[in-house]
Amino acid sequence: MAVLALPARLLPTLILALLVIATFASATPSAPSYRESLAIDTLPDGKLLLAFDFTASRPILRDHGLTTKNASAPGHDHSNDYSLFPRTLGQILDAFDVEALELSLTQGRWHAARWGVPDRDYAMPPGADLKAWLRSGSSSSSSSDDVEKDSAETADRWLALTNALSGLVCGSINYLGTDLYARPALTFADREVTRPFVDTHFRHGALAREAVCTENLAPWTRLLPCGSQRGLARILNGYKLFDANYNSIQTRVRTVCRDGDSGRCAQELMQSLVVVADPMRSDGIPDWTLGALFERSIDSVCGATTEPTLVSITLPSTSVVGEYQLTSDPTRVVDASDGRRVAVYDVRGPVDIGIQYRRSAEEVNGSAAFKAFRNLSSTHSSSQHLPLSVTRAILGTDQDRGVLDVHLTNHHATAAIPVVYYDVLPWFLRVYMHTLRIQCRSANGDEAWVHVRPDPWYVQYAIDGVRPTVVEAAWTVPAGGQCNVRLDFDKAFVHFTQHRPDASRGFEIGAAIVTIPARLEGAKLAILRPPVHSDAAQGDQEEGETIRLVTDVLQVQLPIPDFSMPYNVITFTSTVLAFFFGTMFAMTVKRAFSYRMVDRHDAKGKVKTEPEIVRTEDRVKLIMMSSS
């Protein structure tokens, strides 16, 4: 092999050229990318968990959004690359200085006691939930006046952002005004979705009454490079999706710089659709295929993908469900981190994926066919599937006052669980913070309740019509023990125009969030993780340090005015005025007159009797004649 010999005087020039090329390559953001994946798992009660993930990214400069020096230099601002990133969403993020964003539209409730501990925010509160990290305009050394001005500008940008997102996803997110959003300090502190050198303002708002339907799914799929025409989104049938037990449409945007300070940054968009479907609802048979679940099957691959399209199925244990077979041969079968086996399909063309269980004719024709399948005993204990259970209710039946009651139970007998409780209460619940009581007791129910002082804790007091009450408290639930949280409040009178058309239904109170660590000392949590998508996704997934449990949405009855009173007052007043005005008008305008009946002959000589008004002088004569 011949080796090219270079003169010694050219060697420094060559090294310098290589260094310049390497520096330029490291400073240039990576190319845009797009990938699709579907993860399927069988839940302990026999239902199916399907998690669709569509991830797109666009390269940006390290100082994107922090300076405008590159805006006037053509060819230097790579943030305008909308080949795979949706332009409509990207322009909204740039217009309102959004560093990161998380939006979910959820229908149904995640049953943690039956489905297990969710991961990656599979369990979202019902309705609309929005989290936004807005870039700060002031530095840490700014004066208090600058900070207040920046806070006011952040509130204005939040309102503008909610209006823009409302039009983008066809929802009611524009109702998330300042009286509904919060600034939590503890619950979402572990979120690493922003660049570490960027100062941001975090805002969180939720609309528990938001209804989710196909009107929200259609604009969401239009954000995908191939829409709903090709790829995994082709099987998203809205009629089947919203007939499921649980579905959550999620949109997440984060900004990451993977190479430190080299300038290689990207803005990632992950669109996720989480569905819990029941394949046994119609015929009681646990067999399923994607074509049967959605009445559509995978018939094509999106041409915009830069990575293989993967569909992975976590295979159920044969000791629990018996023998079964896959309807299509997988590309490979791998072992997950929790010991379960995962069948991975590298989708390249039409395929219908599913599972068919082997059973006898007696089981199929019997009246109790596969009833045991609905009561599957999990491979893990119930305490592992649900380490902590949370119930939340409002006590009291009157319309003047009430008590918020939260009950937490630790199902681990040996491991104490540190929790962070986060609750946002609307301003019309006038909370008395001095009544906040946190009491705990150990596994032995005979012991007395012990008062617990949370540390740390954060409280934002409400202002009528301006902002809600925010409560964040951290403490530890003892092993096998219970904790009870109580808070008294009064119910405020709201203007009659703020009531719903069905005022007796009341007002919804958004779900509370309880954050617990994913790893407990002396205990192992069986977290419901998605199957393996890729090596990179597997690595990101294992770094989760917290789990968030979502409580139920509450409804509260406020004092209801008598909406019929205006009608009654108007009717009564109109009647009185009619009688008074009618009488006075008759006495003022009407006059009395006399008439007599006279006989008249018509042209044919017939006699007709007609009334004739008696003139005044004739009436006087008649009166005089009658008196004489």
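Bear in mind the structure is a predicted one, so any value in this text is a computation, not a measurement.

**Some words on the nonpolar core**
- The biggest cluster of nonpolar side chains holds 68 residues, and the ones touching the most others in it are Leu50, Phe52, Leu101 and Leu290.
- Non-local contacts of Phe52, meaning those with residues more than four positions away in its chain, are made with Ser37, Leu38, Leu232, Ile235, Leu236, Gln271, Ser272, Leu273 and Phe294.
- The next biggest cluster of nonpolar side chains, apart from the first, holds 40 residues, and it includes Leu404, Val485, Phe507 and Leu549.

**A closer look at the sheet that holds strand β7 (residues 246-257)**
- The strand order β6-β5-β3-β7-β8-β2-β1-β10-β13-β12 describes an open sheet built from 10 strands, whose pairing is mixed. With one partner strand each, in any of the chains shown, β6 (200-207) and β12 (332-335) form the two edges of the open sheet. Along the sheet, successive strands turn relative to each other by an average axial angle of 15°, direction set aside.
- Both strand β2 (residues 48-60) and strand β8 (residues 265-277) contribute to a ladder of 13 bridges, which runs antiparallel. From the neighbouring strand, Leu48 faces β8, where its bridge partner is Ala277.
- Strands β2, β3 (98-108), β7 and β8 of the sheet are contacted by helix α5 (residues 214-221), whose axis makes an angle of about 30° with β7.

**Details of unusual backbone geometry**
- Geometrically, the link from Asp455 to Pro456 is a cis peptide bond, its omega value of 0° lying close to zero.
- Secondary-structure assignment places Pro456 in the loop between β20 (450-451) and β21 (457-460).
- Phi is positive for Asp97, which is not a glycine, with a value near 50°.
- Along the chain, Asp97 falls in the loop between α2 (87-95) and β3.
- Overall, the relative accessible area of 28% leaves Asp97 in the partly exposed class.
- Although it is not a glycine, Cys170 adopts a positive phi angle of roughly 60°.

**A short note on the pattern of salt bridges**
- The tally for this structure, following the rule as stated, stands at 22 salt bridges.
- Note that Asp94 and Arg58 form a salt bridge whose closest N and O atoms lie 3.2 Å from each other. Separated by 36 residues along the polypeptide, Asp94 in helix α2 and Arg58 in strand β2 bring together distant segments of the chain.
- Judged by relative accessible area, which is 25%, Asp94 ranks as partly exposed.

**Some words on the environment of Leu161**
- Along the chain, Leu161 falls in helix α4 (residues 144-169).
- Once the C-alpha coordinates of Leu161 and Val98 are considered, the two residues, 63 residues apart in sequence, prove to be 8.8 Å apart.
- Not counting the four nearest positions on each side in its chain, Leu161 is found in contact with Ile92, Phe96, Val98, Leu101, Ala132 and Leu134.

**A closer look at the state of the cysteines**
- By the definition in use, this model includes 2 disulfides.
- Two residues share a disulfide in this structure: Cys226 and Cys302, whose sulfurs sit 1.9 Å from each other. Its torsion about the S-S bond being 75°, the disulfide of Cys226 and Cys302 is classed as right-handed. Of this pair, Cys226 sits in the loop between α5 and α6 (238-241) while Cys302 sits in the loop between α7 (290-294) and β10 (309-314), and the two are 76 residues apart along the sequence. Residue Cys226 shares its accessibility class with Cys302, and that shared class is buried.
- Covalent S-S linkage joins Cys440 and Cys483, the inter-sulfur distance amounting to 2.0 Å. Where Cys440 bonds to Cys483 through sulfur, the torsion about that S-S bond is close to 105°, and the disulfide is right-handed. On the criterion of sequence distance, the pair formed by Cys440 in strand β19 (residues 437-441) and Cys483 in strand β23 (residues 482-491) is long-range, its members being 43 residues apart. Take Cys440 and Cys483: they sit in the same class, and that class is buried.

**Remarks on the sheet that holds strand β17 (residues 417-425)**
- Across the sheet, which stays open at both edges, the 5 strands sit in the order β21-β22-β17-β25-β27 with antiparallel pairing between neighbours. Of all strands in the sheet, those bounded by a partner on one side alone are β21 and β27 (546-550). Averaged over all neighbouring strand pairs, the angle between strand axes comes to 20°, with direction disregarded.
- Here 9 bridges tie β17 to strand β22 (residues 469-477), and the two strands are oriented antiparallel to one another. Bridge pairing in β22 links Tyr421 to Ala473.

**Topic: the environment of Thr397**
- As for its placement among the helices and strands, Thr397 is situated in the loop between β15 (388-395) and β16 (401-410).
- Classification of Thr397 by relative accessible area gives exposed; the value is 84%.
- Between the C-alpha atom of Thr397 and that of Gln557, which follows or precedes it by 160 residues, the distance is 8.7 Å.

Each value, and the rule that gives it
Residues numbered from 1 in each chain as written. Predicted model: local features only at pLDDT ≥ 70, side-chain atom pairs only at ≥ 80, totals over all residues. Heavy atoms only, no water. Core = buried A, V, L, I, M, F, W, Y, C linked by side-chain atoms within 4.5 Å. Buried < 20%, exposed > 50% of the residue type's maximum accessible area, 1.4 Å probe, protein only. Contact = heavy atoms within 4.5 Å. Pairing = 2+ DSSP bridges. Helix = DSSP H or I, 4+ residues; strand = E, 2+ residues; numbered from the N terminus. Axes fitted to C-alpha atoms, helices over the stretch in contact; angles between N-to-C directions. Salt bridge = Lys/Arg side-chain N within 4 Å of Asp/Glu carboxyl O. Disulfide = S-S within 2.5 Å.

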